[in-house]
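Close look at the chain arrangement
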Amino acid sequence: MLTAQGFSKAFEYWQLFLQGVACTVSLSALTVIFGFILALFLAVCRMGKMKVLKALATAYVELFRATPMVVQIFIIFYVVFDGVKVLPGFKLFGFIRFERFFPAVVALSLNSGAYLSEIIRSGIQSIDGGQTEAARSLGLNAWKTMRFVVLPQAIKNILPAIANEFVTIIKESAICYTIGVQDIMSAVNAVKGATYRMGEALIIATALYFCLTYPTSKIIAHFERKMSVGDKR
Amino acid sequence: MTNDKLIQVKDLKKYYNKGKIKALDGVTVDINKGDVMVIIGPSGSGKSTFLRSLNLLEVPTSGSIIFEGVDITQKKGPDGKKLDIDLHRQKMGMVFQHFNLFPHKTILENMTLAPIRVKKVPEEEAKAKALELLNRVGLADRADAYPIQLSGGQKQRVAIVRALAMEPDVMLFDEPTSALDPEMVGEVLDVMKELAHAGMTMAVVTHEMGFAREVGNRVLFMADGKLLEEGSPEQIFGSPQNPRLQDFLSKVL
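To start, this report covers the structure provided alongside it.

Cut-off values and rules
Residues numbered from 1 in each chain as written. Chains lettered and ligands numbered in written order. Predicted model: local features only at pLDDT ≥ 70, side-chain atom pairs only at ≥ 80, totals over all residues. Heavy atoms only, no water. Helix = DSSP H or I, 4+ residues; strand = E, 2+ residues; numbered from the N terminus. Expected span 1.5 Å × (residues − 1). Bend = angle between axes of the 7 residues up to and from the residue. Buried < 20%, exposed > 50% of the residue type's maximum accessible area, 1.4 Å probe, protein only. Contact = heavy atoms within 4.5 Å. Buried area = accessible area lost by both parts, 1.4 Å probe. Salt bridge = Lys/Arg side-chain N within 4 Å of Asp/Glu carboxyl O. Axes fitted to C-alpha atoms, helices over the stretch in contact; angles between N-to-C directions. Parallel < 35°, antiparallel > 145°, perpendicular 65-115°, else oblique. Left-handed = near helix turned anticlockwise from the far one by under 90°. Pairing = 2+ DSSP bridges.

Attention now goes to helix α5 (residues 98–125) of chain A. All names here are of chain A. Compared with the 40 Å implied by 1.5 Å per residue over 28 residues, the 39 Å span of α5 between its first and last C-alpha is a close match. The largest bend along α5 measures about 25 degrees and falls at G113. Buried residues dominate α5, accounting for 20 of its 28 residues.

With that settled, the discussion passes to the interface of chain A and chain B. Contacts between the two partners involve 23 residues from chain A and, on the opposite side, 26 residues from chain B. Note on chain A versus chain B: buried area summed over both sides is about 2100 Å², and carbon and sulfur give 59% of it. It is S137(A), L138(A) and F148(A) in chain A that bury the most area against chain B; as a group they hold 28% of the surface buried on that side. Taken together, the connections running from chain A to chain B amount to two salt bridges.

A few words on the environment of T49(B). All names here are of chain B. Relative to the elements of secondary structure, T49 occurs in helix α1 (residues 47–54). Assessed through its relative accessible area of 14%, T49 is described here as buried. For the pair formed by T49 and V59, sequence separation is ten residues and the distance between their alpha carbons is 9.5 Å. Leave out the neighbours within four places in its chain, and T49 touches K14, A23, L24 and E58.

Turning next to the packing of helix α2 (residues 14–47) of chain A against α5(A). Residue and element names in this part refer to chain A. Following both chains from N to C, one finds α2 and α5 inclined at 45 degrees, their axes separated by 5 Å at the closest point. In terms of orientation, α2 and α5 fall into the oblique class. In this structure, α2 meets α5 at a crossing whose hand is right-handed.

Moving on, we come to the pairing of strand β2 (residues 21–32) of chain B. Regular strands show a simple pattern: their side chains alternate between the two faces of the sheet. Bridge count between strand β1 (residues 5–16) of chain B and β2(B): nine bridges; the pairing is antiparallel. The residue of β2(B) that forms the bridge with K14(B) is L24(B).

This is the structure:
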């Protein structure tokens, strides 16, 4: 049962929730940045002519898309970084434990990179080959063709899918509390430990996650409208 | 080599499926400065492949293309360094059947992209030049429109001046009027005619026999990847020799 008393008790830990939000936001933001860079690299590899790179990138994408996130994050944290033994134990902003936060960023980036690369690849391949031919025939090199002609059109097409992936990253990051990252979910856990009540904390967490994801998708939708300027008659 | 040979094509071949399909089967031809060379032939004859090979949009299987003294099919240029095909492409304007304007850019941006980004022309100068060219084809008032707001004929006129903005030495036209509604063919052909009269070297793949006859100074007939007959428009249309050409003309005229 949810009670007003339970809520006021949970609110006593507002500082934990606030830190959780800061943690979730920085975790997601870093994941988006690193994931996107990795995704661009993977997409280029998969579309390129080098067969070895192509095979490796394909294998990578398939592997990360076919295994559970929680397994990946445990492997990165417990195996690759050997728990908390490898990384220096200092605190970001005075409360985020780096030795747990960093493996989480790595695991989430590796995972979302795989998904984003498929989105980017399909976006680039959806652009008519005539666009590339026209650009190349004007003397633009491969990179300038990509940058000025193909990517602007591709990104416009895939913006809804990218927005979806960004929202997914924010939500998926909740799993990181399992390796001791102090995100929003970890605040819920802490409140549960201190008050023996979970419902109210979960409701607060729900509201917080919604407040993060909803504006994200709205902001991207705004850019989508701005970029579709060439589509209207 | 005489100076008036702009492009020399030697024994150009393009095979697919390890030689099973011969899109180009040994084409040799010179394009001279000021030529308006019209290439005709049935569909699948390799005429588009030939044209697209000239700026290496299709990479030929063998043969050579010597453009302004440089064999652009080689990996290395005459100076021993890696051959920069982008440099040579700047000198060859190309116009496509489906226009291929950049839909996310305005007409003016379509035209100034390559001059600004490739030739490093100052933005104001590139814009002024683009407007001047647009004016020449009667589209100066559409400079800030997007391609989707234009008719097919207008799009193709923009595509032509977009290529001209790079000040090419030769213009390649790949069936420039084939995707147009009949009433718009004339406006595009008029622009091409004017260009020819201004002395531009042109290679044109087309089904417009009227244009070939009236504007071309040389007509090439291709079939099965081979160059079967070449001559002046009077020769080709007046007294065709090859039976394939006679057959082709009887169908299209």
